[in-house]
Amino acid sequence: MILAFSLSDFIRVPFGYLLDFLYQFTSNYGLALILFALLVKLILLPFSIKSKKSTMQMARMAPLVQAIQSKYPNDPQKANLEISKAYKEEGVSMMGGCLWSLIPLLIIFPLFYVIREPLEYMLHFTQEQADQIVSIIKGAAPELFSSNSYYDQIAAAPHLSAYAEQIKAAIPELANETIPNLNFQFLGVNLGQIPSFQIWAWESYDWNTIGAFLLPVLSAGSQILSMLVSQKMNASVSVDKDGNVDEDAAKKASQKQMKVMLWVMPLFSLWIGFSYPCALSLYWLAQGLFSLLQDVVLTKRYRKFYDAEDSIKRRVAAERAAAEAERERIRAQRRSENPDGIVENTSKKKLQRQQAMKNQSAGKKTAEGDSPSGDPDRPYARGRAYQPDRYRSQTEE
């Protein structure tokens with residue numbers, strides 16, 4: 001049983017083998033999906049760390065961003081330029097947190113094909129063999145299949161052993177192969193079925209139907225909870241220039257983004273849940289809960305480093321405040337000593353300059369008066385070549 005390989009199977013085939021291994025290990029399809037979600041989280045942990053660091057750095061810069069926006073309220077282009085400059089100086093990527101968070105969306109679509117076509121990707125039949133198997137079982141028991149042929153392999157997978165002889169007779173290359181079933185039951189819910197949100201149209205109200213309905217709802221709820229907790233954890237590292245926590249600035253900075261994501265992701269989860277087999281909802285639910293746990297752990301880990309930085313900022317701010325308080329005390333003392341106001345500049349440098357000018361003026365005075373040159377007729381004459389008789393009038397001669 002060799003699976004025909006194509007470019008689109010570059011991700012699907014490894015997913016299929018991994019999910020098959022986990023199914024054989026746990027003997028439970030639901031547990032296999034949960035472990036699959038956990039392994040995906042562990043594999044993508046380096047990317048998640050980069051995303052978390054970028055998100056926390058942006059949250060820490062939220063007060064600065066808010067200050068820049070307040071400085072340029074009527075010039076958003078200038079504000080965006082200054083914000084981009086600030087991010088660049090701090091080494092923060094504005095898209096870093098968003099890009100890595102899209103990776104789980106890129107995984108769920110290949111996983112959908114693995115779930116939809118278990119005969120090919122988990123049991124490793126070729127596409128031609130899978131089509132023949134579906135045709136044999138559908139011909140023998142058409143009531144097992146719905147009108148949607150898109151999920152025929154899921155409908156056929158739990159009944160393979162019951163029709164093993166017909167399958168081996170129709171497909172000679174499988175004559176010596178063991179054809180096992182796939183059991184999609186998990187906590188009393190068939191993960192191969194597509195849940196219906198039309199409660200009024202349900203044929204029965206048993207646990208299988210109710211549980212299938214709850215999986216998409218819980219999946220959407222896990223997305224909402226994960227984003228709210230992430231926002232709260234990120235806001236806890238947002239500080240001002242003095243190292244004091246400023247959660248309001250972080251919440252305002254992410255308000256628009258969170259409003260969009262708070263609706264988009266849960267709605268996307270509901271759409272997946274009520275459009276595809278329950279197995280996808282279970283995976284999405286597990287992925288959301290693991291993301292929540294991961295976010296809490298990473299935030300606590302990296303907040304230790306930020307706390308050390310913030311303590312230094314608070315100490316510097318305290319020293320600066322103490323110095324300013326001392327200067328204010330001196331000013332208050334001077335005001336009390338001179339309640340009418342300081343009318344004379346008592347600057348030390350200015351007093352020194354004034355004294356130097358007095359000394360210079362006194363040293364250049366002569367016996368002829370206050371004339372610096374010694375000649376009352378030419379008081380400002382200077383130079384070593386000065387001769388008093390040079391300009392004597394002709395009459396005096």
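You'll find the structure just up there.
Attention here is on the structure that accompanies the text. Within each chain, residues carry numbers counting from 1 in the order of the written sequence. Totals for whole chains, interfaces and linings use every residue, but because this is a predicted model, local features are given only for residues with pLDDT of at least 70 and side-chain atom pairs only at 80 or more, for both listing and counting. Only hydrogens and water are removed before side-chain values are computed, so all heavy atoms of the structure are retained for them.

**Here we look at the nonpolar core**
Spelled out, the test is: As used here, the term nonpolar core means buried Ala, Val, Leu, Ile, Met, Phe, Trp, Tyr and Cys residues forming a set that is joined through side-chain atoms within 4.5 Å. Burial classification: accessible surface area is computed with a 1.4 Å probe over protein chains only, and a residue below 20% of its type maximum counts as buried, one above 50% as exposed, and the rest as partly exposed. Contact between two residues is taken to exist if any of their heavy atoms lie within 4.5 Å; hydrogens are not considered.
Counting 63 residues, the largest nonpolar core has Y29, L119, I167, L191 and Y283 as the members making the most contacts within it. In contact with L119, not counting residues within four places along its chain, are H124, F125, A130, I133, V134, Q153, A157 and L160. Formed by seven residues, the second largest nonpolar core is a distinct cluster that contains M61, I68, A79 and A86.

**Some details on a nonpolar patch on the surface**
Note the cut-off: Only residues whose relative accessible area exceeds 30% and that form no salt bridge enter a patch; like-charged residues are grouped when within 9 Å of one another, and nonpolar side chains (Val, Leu, Ile, Met, Phe, Trp, Tyr) when within 5 Å. Working definition of accessibility: Shrake-Rupley area with a 1.4 Å probe, residue cover restricted to the visible protein chains. Any Lys or Arg side-chain nitrogen found within 4 Å of a carboxyl oxygen on Asp or Glu counts as a salt bridge. Think of it this way: any DSSP run of H or I at least four residues long counts as a helix, any run of E at least two long counts as a strand, and we number them from the N terminus.
A surface patch of nonpolar side chains, amounting to about 350 Å² of accessible area, comprises L38, L39, L42 and I43. Topologically, L42 is positioned in helix α2 (residues 29-43).

**What about unusual backbone geometry?**
Phi is positive for H124, which is not a glycine, with a value near 65 degrees. Examined against the element boundaries, H124 turns out to sit in the loop between α8 (118-121) and α9 (127-140). Phi at L187 is positive, roughly 55 degrees, even though this residue is not glycine. Since its relative accessible area comes to 66%, L187 is described here as exposed.

**Considerations on the side chain of D295**
Residue position: D295 is located in helix α15 (residues 278-337). On the accessibility criterion, D295 (12% relative accessible area) is buried.

**Digging into the packing of aromatic side chains**
The cut-off we apply is this: Only rings of Phe, Tyr and Trp enter the pairing, Trp through its six-membered ring, and a pair is recorded when the two centres are within 6.5 Å. The plane angle decides the type: under 30 degrees is stacked, over 60 is edge-to-face, the rest tilted.
The final tally for this structure, using the stated rule, is 17 aromatic pairs. Pairing F213 with F274 gives two aromatic rings, centres 5.7 Å apart and planes at 50 degrees, and the pair type is tilted. Of this pair, F213 sits in helix α12 (residues 207-235) while F274 sits in helix α14 (residues 255-275); the two residues are 61 residues apart in sequence, bridging distant segments of the chain. Like F274, F213 is buried. Ring pairing ties together the aromatic residues F109, F112, Y113, Y150, Y151, F268, W271, Y276 and W284, which thus form one cluster.

**Some remarks on the pattern of salt bridges**
Taken as a whole and judged by the stated rule, the model has nine salt bridges. Of the charged contacts, one joins R327 and E324 as a salt bridge, the two residues approaching to 2.7 Å between their closest N and O atoms. A residue pair is termed a helical-turn pair when its members lie 3 or 4 positions apart in one helix, as R327 and E324 do in helix α15 at three residues. On the basis of relative accessibility, which here comes to 36%, the residue E324 falls in the partly exposed class. The partner of E324 in a salt bridge is R331, with the nearest N and O atoms 3.1 Å apart. Each of E324, R327, E328, R331 and R335 takes part in one network of salt bridges that share partners.

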